[in-house]
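# A look at the structure
Chain by chain, the residues run as shown.
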Amino acid sequence: MDRSCGTILPIYALPTAHGVGTLGREAREFVDFLSESGQTWWQMLPVGPTSYGDSPYQSPSTFAGNPYFIDLDYLVEDGLLTRDEVDAVDWGDDPSKVDYALLFQRREPLLRRAFERGRNGNRRLFEEFVVENESWLVDYALFMAVKRRFDLKPWIEWPDDGIRLREDDAVARYTSELADEIEFYEFEQFLFYTQWDQLMRYAHAKGVRVLGDLPIYVALDSADVWANPTMFQLDEKNVPIEVAGVPPDCFSADGQLWGNPLYDWDAMAQNGYAWWVRRIRHMCSIYDVVRIDHFRGFAGYYAIPYGNKTAEGGRWRTGPGYALFAAIKKKLGEPRIIAEDLGFLTDDVNALLRKCGYPGMKVLEFGFDSRDGGDYRPHGYPVNSIAYVGTHDNEPVNGWMATAAPEDVARAVRYLNLTKQEGYHWGMMRGIWASAAELSIVQAQDLLGLGHEARMNTPSTLGGNWCWRAKRGAFNDRLAVKLHDLTELYGRLPE
């Protein structure tokens, strides 16, 4: 990877007129901004469908795209919707926030209307898409159709044990009974990936590459777990035995209870980690580089008894180690992967990262923590690393300056010679741009000088996360010129 830089901006945060960011014109305008400002990379959060809690890290499918991101204006241009139908919908009165409840109520009726008009018009292309994606799409569409039949209940609560446990006769019966509903969910994915491919081609033509995000775990209420129960640590009734999280530490007295089912690594090893190979292959087909979240979980992972209310009482267990990545490399060559190696690191995690050869992450805001920040200060960043001021789980700089311990802020001011005149956010970004790290990534909120009100996510909390959206016109020519000058100054312009 050449010396370069980029920006984190979730798709949902783009400033459209329809309540949420999409793959449409505003996404292309952001690509234009990145290109004009000398940025090589657009880092996104996971683009899968969201469910309870609205988190992109808890999706009903690791392969599917989020139907909220399907651009309605493009559907009008394609004749699948009318302008009046789209404009008649009230998308809310706060363009700075995503209202997920409103989206849930009002988007699907439009997509169902588009489905009825378009299901036969592009039949050949649609059927080719279904065949090409059969390995995941058939299970996902059936899963969603059955969820709809059972009032969107989690699959472990479905009242019909036959389909809950995927007995063959039940699968055949529901596939027949719900054929139209299944086709609707397949058509949604056809629309998403058609628009996704168009956006990726546009970005590549502008010299912009996309860095995607792969959560290590999948949601319990997902087609992935329902369709592959033997690959997870479930009991004879397909209920989790233990679930994922991280233990209590100085940041959280209760730890973090994520609740995701854990992989049965022994079972996965028996077929050469085929499910993971398929997952990585898919991610590498839609992104230019893939960031794997919580990489330390492959060396050792924290297991919490299912039903616990906090992360206390868990235990550390051994992960698959390099065997998983050897299998991936054997099948896929050398996929371009970034390892999120933050958190509680032990010697086995560091050894695994070195053996894989993947770049790890350095987060500048961690560098001024009086308890343990030395490894995160820019003078020590290795070339084979990705430097961040903060990730989606951190405050934007101006929020961090207002909420961090005073002694940590003072240390940052001294280290980077931060001044109000320059802007604390520009000084912090300067710190990672000047480092030796081959890639530096900043939050879009920091480019805009925003604070706590624009934070993407506060870990271990529900509500108010994954909502912030940029204002229309925020990524303007003046900002592009300033960013381009600094990108050139620190030797990060694309060749």
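Going by the structure above, here's the rest.
Residues numbered from 1 in each chain as written. Predicted model: local features only at pLDDT ≥ 70, side-chain atom pairs only at ≥ 80, totals over all residues. Heavy atoms only, no water.

Once that is clear, we can look at the overall build of the chain. In terms of regular secondary structure, the chain is built from 19 helices and twelve strands. Here the chain has a C-alpha radius of gyration of 23 Å; the compact-globule value for 495 residues is 23 Å, and the two agree. Seen through its C-alpha atoms, the chain measures out along the principal axes to roughly 70 × 55 × 40 Å. In the chain, which comprises 495 residues, the share counted as buried stands at 57%. A sequence separation of at least 24 residues applies to 74% of the contacts in the chain between residues at least 6 apart. For the chain, the exposed surface amounts to about 20700 Å²; the carbon and sulfur share of it is 49%. (Helix = DSSP H or I, 4+ residues; strand = E, 2+ residues; numbered from the N terminus. Rg over C-alpha atoms; globule rule 2.2 N^0.38 Å. Buried < 20%, exposed > 50% of the residue type's maximum accessible area, 1.4 Å probe, protein only. Contact = heavy atoms within 4.5 Å. Areas by Shrake-Rupley, 256 points an atom, 1.4 Å probe, with all protein chains shown as cover.)

Applying the stated criterion to the full structure yields 32 salt bridges. Notably, a salt bridge pairs Asp213 with Arg291, separated by 3.1 Å at the nearest N-O pair. With a gap of 78 residues between them, Asp213 in strand 3 (residues 209-214) and Arg291 in strand 6 (residues 289-292) connect regions that are remote in the sequence. Of the charged contacts in the structure, one is a salt bridge between Asp293 and Arg291, with a shortest N-O distance of 2.8 Å. For the pair Asp293 and Arg291, a shared accessibility class is recorded, and that class is buried. A cluster of three or more residues bridged by salt bridges with shared partners is formed by Glu116, Arg119, Arg123, Glu127, Asp180 and Glu183. (Salt bridge = Lys/Arg side-chain N within 4 Å of Asp/Glu carboxyl O.)

Another aspect to go through is the packing of helix 12 (residues 274-286) against helix 13 (residues 322-332). Where helix 12 meets helix 13, the axes come as close as 10 Å, and the angle between the chain directions of the two elements is 55°. The angle between the axes of helix 12 and helix 13 places the two elements in the oblique class. Crossing handedness for the pair helix 12 and helix 13: right-handed. Facing helix 12, whose interface residues are Trp276, Val277, Ile280 and Arg281, helix 13 presents Leu324, Ala327, Ile328, Lys331 and Leu332. (Axes fitted to C-alpha atoms, helices over the stretch in contact; angles between N-to-C directions. Parallel < 35°, antiparallel > 145°, perpendicular 65-115°, else oblique. Left-handed = near helix turned anticlockwise from the far one by under 90°.)

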